[in-house]
Amino acid sequence: NAGVTQTPKFQVLKTGQSMTLQCAQDMNHEYMSWYRQDPGMGLRLIHYSVGAGITDQGEVPNGYNVSRSTTEDFPLRLLSAAPSQTSVYFCASSYGRAGDTQYFGPGTRLTVL
Amino acid sequence: AQSVTQPDIHITVSEGASLELRCNYSYGATPYLFWYVQSPGQGLQLLLKYFSGDTLVQGIKGFEAEFKRSQSSFNLRKPSVHWSDAAEYFCAVKNFNKFYFGSGTKLNVKP
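In this text the structure is predicted, and so the values were computed from the model without any measurement.

Quick word on the layout of surface pockets
In this approach, a probe sized like a water molecule rolls over the atoms, and the result shows the empty space that is left.
Here's step 1: Considered as a void within the structure, the largest pocket measures approximately 730 Å³ in volume.
Here's step 2: Lining the largest pocket are 34 residues; nearest its centre among them are Gln37 and Arg109 of chain A together with Gln38, Gly41 and Glu88 of chain B.
Here's step 3: Elements that contribute at least two residues to the lining of the largest pocket include exactly β9 (87-94) and β11 (108-112) of chain A together with β10 (87-95) and β12 (105-110) of chain B.
Here's step 4: Looking at the lining of the largest pocket residue by residue, the classes come out as 12 nonpolar, 17 polar and five charged.

As structure tokens, then:
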């Protein structure tokens with residue numbers, strides 16, 4: 001049971017490049033989410049999904065796309081990276097019931113030059 | 001809009017001393033409340049959560065938190081801090097399917 005995995009761990013992009021951050025979980029969780037963490041701002045929700053084929057926006061969705069074709073995977077796409085997207089990105093998952101525990105991945109540190 | 005406030009950015013306590021980390025939230029109904037801990041370079045780990053029932057909840061690593069509806073607070077406490085508790089602590093609120101996190105409190109522990 002690997003839990004929540006994220007790849008890559010580190011990434012450097014140039015402004016305007018695109019990339020996909022991968023997130024996978026093997027716990028059969030319905031709910032998955034992406035956060036960005038910036039100094040002094042805690043974690044902010046980018047997008048979330050309550051099941052395969054269902055996604056919705058969080059607090060800071062601009063510049064990011066997601067899709068959920070399977071229960072296990074929830075990739076985050078940056079279509080045209082900007083320096084403001086330099087951050088640490090965390091994926092999380094849970095069963096999706098009201099008080100369920102969210103399990104977090106180890107994070108991806110992204111730098112956009 | 002929902003918001004979570006952690007008024008203390010940094011706190012330093014001596015090993016063995018008691019600890020209280022403050023959290024206030026802005027939300028109309030009784031929210032689902034969480035405390036997470038993050039060690040450097042790591043993801044977040046759940047310490048405890050509250051969504052109904054007894055307003056004093058126990059968590060892992062000897063932590064507890066008390067929900068006070070009248071003060072819109074959910075403060076985290078530990079009676080005796082260990083050096084391994086040095087980390088960053090985040091309070092969070094869940095509203096429907098969205099989580100809102102505070103900005104975090106960094107805890108330093110003096111030997």
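Some details on the nonpolar core
Here's step 1: Counting 27 residues, the largest nonpolar core has Leu19, Trp35, Leu47, Leu48, Phe74, Leu76 and Tyr89 of chain B as the members making the most contacts within it.
Here's step 2: Taken together, the elements giving at least two residues each to this core come down to β2 (10-14), β3 (19-21), β5 (32-38), β6 (44-50), β8 (64-68), β9 (73-78), β10 and β12 of chain B.
Here's step 3: At four residues, β10 of chain B tops the list of elements feeding residues into this core.
Here's step 4: Listed in part, the 19 residues of the second largest apolar core include Leu13, Trp34, Ile46 and Tyr64 of chain A.

Focus: the interface of chain B and chain A
Here's step 1: Of the residues lining the interface, 20 residues belong to chain B; the matching set on chain A comes to 24 residues.
Here's step 2: At the boundary of chain B with chain A, total buried surface from both sides reaches about 1,700 Å², with 56% on carbon and sulfur atoms.
Here's step 3: Contact with chain A buries surface across chain B, with Asn97, Phe99 and Phe101 of chain B losing the most and accounting together for 30% of the total.
Here's step 4: Joining chain B to chain A, the criterion identifies zero salt bridges.
Here's step 5: On the surface where chain B and chain A come into contact, there are four residue pairs in polar contact (both at pLDDT 80 or more).
Here's step 6: Secondary structure elements with two or more residues in the side of chain B that touches chain A: β5, β6, β10 and β11 (98-101) of chain B.
Here's step 7: In terms of residue class, the side of chain B that touches chain A is made up of 10 nonpolar, seven polar and three charged.

Comments concerning the pairing of strand β5 (residues 43-51) of chain A
Residue and element names in this part refer to chain A.
Here's step 1: Of all nine residues in β5, eight are buried, a share of seventy percent or more.
Here's step 2: Two elements, strand β4 (residues 31-37) and β5, share six bridges in a ladder whose sense is antiparallel. Its bridge partner lying in β5, methionine 32 is registered against serine 49.
Here's step 3: Taking the residues that link successive antiparallel strands as the turn, the β4-β5 hairpin has five residues, and the phi of glycine 40 there is positive, at about 75°.
Here's step 4: Where β5 folds back on strand β6 (residues 54-57), the antiparallel hairpin that results is connected by two residues, among which glycine 53 adopts a positive phi of roughly 85°.

As for the sheet that holds strand β7 (residues 64-66) of chain A
All names here are of chain A.
Here's step 1: Taken in spatial order, the four strands line up as β1-β3-β8-β7 in an open sheet, and their pairing is antiparallel. The open sheet has two free edges, formed respectively by β1 (4-7) and β7, since each of these has just one partner strand. Neighbour-to-neighbour, the strand axes of the sheet open up by a mean angle of 20°, direction not taken into account.
Here's step 2: Where β1 meets strand β3 (residues 19-25), four bridges bridge the pair, whose relative direction is antiparallel. By the bridge assignment for β3, valine 4 is matched with glutamine 25.

Quick word on the packing of aromatic side chains
Here's step 1: Within this structure, the stated rule accounts for 15 aromatic pairs over all chains.
Here's step 2: With centroids separated by 5.4 Å and ring planes inclined at 80°, the aromatic side chains of phenylalanine 104 of chain A and tyrosine 36 of chain B adopt a geometry described as edge-to-face. With one member in each of two chains, phenylalanine 104 of chain A in strand β10 (residues 103-104) and tyrosine 36 of chain B in strand β5 form a pair that bridges those chains. Side by side, phenylalanine 104 of chain A and tyrosine 36 of chain B carry an identical accessibility label, which is buried.
Here's step 3: Within the aromatic cluster, the residues linked to one another by ring pairs are Tyr31, Tyr35, Tyr48 and Phe104 of chain A together with Phe34, Tyr36, Phe99 and Phe101 of chain B.
Here's step 4: One residue, arginine 68 of chain A, lies across the ring of phenylalanine 74 of chain A, its end atom 6.0 Å from the ring centre.
Here's step 5: Here the guanidinium or amino end of lysine 94 of chain B rests over the ring plane of tyrosine 31 of chain A, the centre of that ring lying 5.8 Å away.

Section: the pattern of salt bridges
Pairing is possible between side chains that carry opposite charge, provided their charged atoms lie close to one another.
Here's step 1: Counted under the stated rule, the structure contains six salt bridges over all chains.
Here's step 2: For aspartate 38 of chain A, the salt bridge goes to arginine 44 of chain A, with nearest N and O atoms at 2.8 Å.
Here's step 3: The class of aspartate 38 of chain A is buried, set by a relative accessible area of 9%.
Here's step 4: Here arginine 44 of chain A falls in the buried class, since its relative accessible area comes to 18%.
Here's step 5: Here aspartate 8 of chain B ties to arginine 22 of chain B by a salt bridge, and the two come within 2.9 Å at their closest N and O atoms. Of the two residues, aspartate 8 of chain B is situated in the loop between β1 (3-5) and β2 and arginine 22 of chain B in the loop between β3 and β4 (24-26); the sequence distance between them amounts to 14 residues.
Here's step 6: Taking relative accessible area as the criterion, aspartate 8 of chain B reaches 18% and is therefore assigned buried.

Conventions and cut-offs
Residues numbered from 1 in each chain as written. Chains lettered and ligands numbered in written order. Predicted model: local features only at pLDDT ≥ 70, side-chain atom pairs only at ≥ 80, totals over all residues. Heavy atoms only, no water. 1 Å grid on protein atoms, 1.4 Å probe; cavity = no way out; pocket = protein on both sides within 12 Å on 5 of 7 lines; lining within 4 Å. Points joined across faces, edges and corners; volume = space filled by probe spheres on them. Helix = DSSP H or I, 4+ residues; strand = E, 2+ residues; numbered from the N terminus. Nonpolar A, V, L, I, M, F, W, Y, C, P; charged D, E, K, R; others polar. Core = buried A, V, L, I, M, F, W, Y, C linked by side-chain atoms within 4.5 Å. Buried < 20%, exposed > 50% of the residue type's maximum accessible area, 1.4 Å probe, protein only. Contact = heavy atoms within 4.5 Å. Buried area = accessible area lost by both parts, 1.4 Å probe. Salt bridge = Lys/Arg side-chain N within 4 Å of Asp/Glu carboxyl O. Polar contact = N/O pair within 3.5 Å; in protein donor to acceptor, adjacent residues only side chain to side chain. Pairing = 2+ DSSP bridges. Axes fitted to C-alpha atoms, helices over the stretch in contact; angles between N-to-C directions. Phe/Tyr/Trp six-rings, centres within 6.5 Å; stacked < 30°, edge-to-face > 60°. Lys NZ or Arg CZ within 6 Å of the ring centre and 35° of its normal.

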